[in-house]
Structure formats: structure tokens, C-alpha cells
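Coordinate inspection notes
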Amino acid sequence: MMRALRKLELTLAILKPDVVAHPNILKEIRSIILQQEFFFVRSKKLILSPTRANEFYKEHEGKFFLNRLVSFMSSGPIWTHILARENAIPEWRRIMGPTKVLKTIHEAPETIRGRFGLTDTRNCTHGSDSPETAAREINFFFPEFSTDRWHDTEGAYFYNGQVAFNEDLCQHVPLQHVSDSIS
Ligand code: IDP
Ligand code: MG
């Protein structure tokens, strides 16, 4: 029997400094992402400079919260991930929950932001909000990554479930590449 082909969509996720500062919360959010059947296609831990944080959030220029958002996002390490799944963009935003934590803790307490968010600024996670944004944001953090090339090469392993999650890399690795990638 042919399996129905479900198109894998890619999105950019960020685990913000409030999450990365708390190893147990970081671990819990990773396991939620895995339980929800996302693949970690690429992962990087880094510290954003204020200049880069400003550039990333340039759509919010002029908003009252931009300065505090930029200081927060450059205040400590973040994890950035390219996640893959069917409907990855809306699905990741759905499990994150709404932006404003102080409402979300009442209105969607089961979501990531509802469970672990601290304030409207320190709200745990970022997720791209459209295919165009996802393309820009993936390129922002992973300029060496080509979505087309990924679909043509590694993509097939993901479609066939021939990948294993590597905890150290925090990435799903095509099975016959496992030994190459960790050497
Ligand atoms: P999103 O992260 O859910 O896409 P955006 O409106 O794009 O939400 O805002 C980007 C980030 O700016 C939010 O995740 C949050 O950290 C911060 N932010 C948004 N609105 C507020 C606010 O009203 N007060 C404080 N911070 C905010
Ligand atoms: Mg946004």
C-alpha cells in the first residue's frame, strides 16, 4: 500500500533566553516538540547581538516593546531550530499558544507559553507566522541551508521515517549519515 504523501513544511523556531536558562524547561519543551511529531532538521545554540536582534525583529520597529524585546533576546543563549512537519508553521504556533502570556496563562494554560511563559516579553518561544516569514527567518539563522536542496536530498529520509533523533546535536539525522554527522 502506498502511504499518503504528506508534505513536510519547514518553520523557524526559537527557544528564547528564559527557556534556555532553565534546563528542565528546555528539556520539557524539546520533548513536547518531539511528541508532537516535529522533526528537528537543523539546530544551533547561539547568542544574538542587539544589532542582530533588532534586524530579526525589524517588522516591530516603532512598537513600544521593541527595546525590551531586543535586550531580552540578546541577554543570553537561545536555541534556533528548523522544524519540519505537515503544517509545521501553524502547528508550531498552535502548541506555542498566543503571544501575550498574561492572557494566555488563563486562556490557553496547556500551551507552551501558557505553561512556562513569565511575561508578555519573556514568552518562551518564537515561531514563523507565514511561509514567506519562515523562508526569511530560516535564512537569517541558517544562511548555509537550502530548503530546495534539503527536499531533494535529506527530505526523502524524513518522508520515509529513516531518521534518528540525535540528542547531542538536537537534530534528526538520516540513518546512514548518523556516523558521519557525529564524527
Ligand atoms: P509572536 O512572537 O507571537 O509572533 P509578535 O507580535 O510577532 O508575536 O511579537 C514578537 C515578540 O515581541 C513576542 O513574542 C513578545 O516576546 C514580544 N511582544 C509582543 N507584544 C508584546 C507586548 O505587548 N508586550 C511585551 N512584549 C511583547
Ligand atoms: Mg511574530
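All values derive from a computational prediction rather than experimental measurement.

1. A look at the site of ligand 1
Around ligand 1, the surrounding shell holds 13 residues, and the nearest of these are Lys 16, His 60, Thr 99, Lys 100 and Asn 123. Take His 60: an N or O atom from its side chain is 2.9 Å from an oxygen atom of ligand 1. In this structure, Arg 113 approaches ligand 1 through a side-chain N or O atom, which is 3.1 Å from an oxygen atom. Isolated, ligand 1 exposes 530 Å² of accessible area, and the fraction of that covered by the protein chains is 89%. According to the grid-proximity analysis, the pocket containing ligand 1 is the largest pocket.

2. Some thoughts on the sheet that holds strand β1 (residues 9–15)
Spatially, four strands are ordered β2-β3-β1-β4 in an open sheet, and the strand pairing comes out antiparallel. Both edges of this open sheet fall to β2 (39–46) and β4 (125–127), since each of them pairs with a single strand only. The average undirected angle you get between the axes of adjacent strands in this sheet is 20°. Relative to strand β3 (residues 78–85), β1 runs antiparallel, the two being bridged by seven bridges. The residue bridging Leu 10 from the neighbouring strand is Ala 84, located in β3. Where helix α8 (residues 131–141) meets the sheet, its contacts fall on β1, β2, β3 and β4, and the angle it forms with β1 comes to roughly 55°.

3. Examining α8
All buried positions along α8 are accounted for by Thr 133, Ala 134, Glu 137, Ile 138, Phe 140 and Phe 141. For α8, the buried positions fall inside an angular range of 155° around the axis, keeping them on one side. Structural note: α8 exposes Pro 131 and Glu 132 on the side pointing more than 90 degrees away from its buried face.

4. Some remarks on the packing of aromatic side chains
Inspection of every chain in the model, using the stated rule, returns nine aromatic pairs. When the centroid spacing of 6.3 Å and the interplanar angle of 80° are considered together, the rings of Phe 38 and Trp 92 count as edge-to-face. Here the residue Phe 38 occupies a position in the loop between α2 (23–35) and β2, and Trp 92 occupies one in helix α5 (residues 88–96), the gap between them amounting to 54 residues. Trp 92 shares its class with Phe 38; the two are buried. Here Phe 64 and Phe 65 contribute two aromatic rings whose centre-to-centre distance is 5.3 Å and whose plane-to-plane angle is 90°, an arrangement assigned as edge-to-face. In this structure Phe 64 comes out as exposed when scored by relative accessible area, which is 63%. Residue classification places Phe 65 among the partly exposed positions, given a relative accessible area of 22%. Through a chain of ring-to-ring contacts, three or more aromatic side chains come together here, namely Phe 56, Tyr 57, Phe 140 and Phe 141. One residue, Arg 52, lies across the ring of Phe 140, its end atom 3.8 Å from the ring centre. In this arrangement the basic side chain of Arg 136 is found over the ring face of Phe 56, its NZ or CZ atom lying 5.9 Å from the centre.

Cut-offs and rules
Residues numbered from 1 in each chain as written. Chains lettered and ligands numbered in written order. Predicted model: local features only at pLDDT ≥ 70, side-chain atom pairs only at ≥ 80, totals over all residues. Heavy atoms only, no water. Near = heavy atom within 4 Å. Polar contact = N/O pair within 3.5 Å; in protein donor to acceptor, adjacent residues only side chain to side chain. Areas by Shrake-Rupley, 256 points an atom, 1.4 Å probe, with all protein chains shown as cover. 1 Å grid on protein atoms, 1.4 Å probe; cavity = no way out; pocket = protein on both sides within 12 Å on 5 of 7 lines; lining within 4 Å. Sits in = over half its atoms within 2 Å of the grid points. Pairing = 2+ DSSP bridges. Helix = DSSP H or I, 4+ residues; strand = E, 2+ residues; numbered from the N terminus. Axes fitted to C-alpha atoms, helices over the stretch in contact; angles between N-to-C directions. Contact = heavy atoms within 4.5 Å. Buried < 20%, exposed > 50% of the residue type's maximum accessible area, 1.4 Å probe, protein only. Arc of directions from axis to C-beta. Phe/Tyr/Trp six-rings, centres within 6.5 Å; stacked < 30°, edge-to-face > 60°. Lys NZ or Arg CZ within 6 Å of the ring centre and 35° of its normal.

All we've got here are geometric facts, nothing functional implied.
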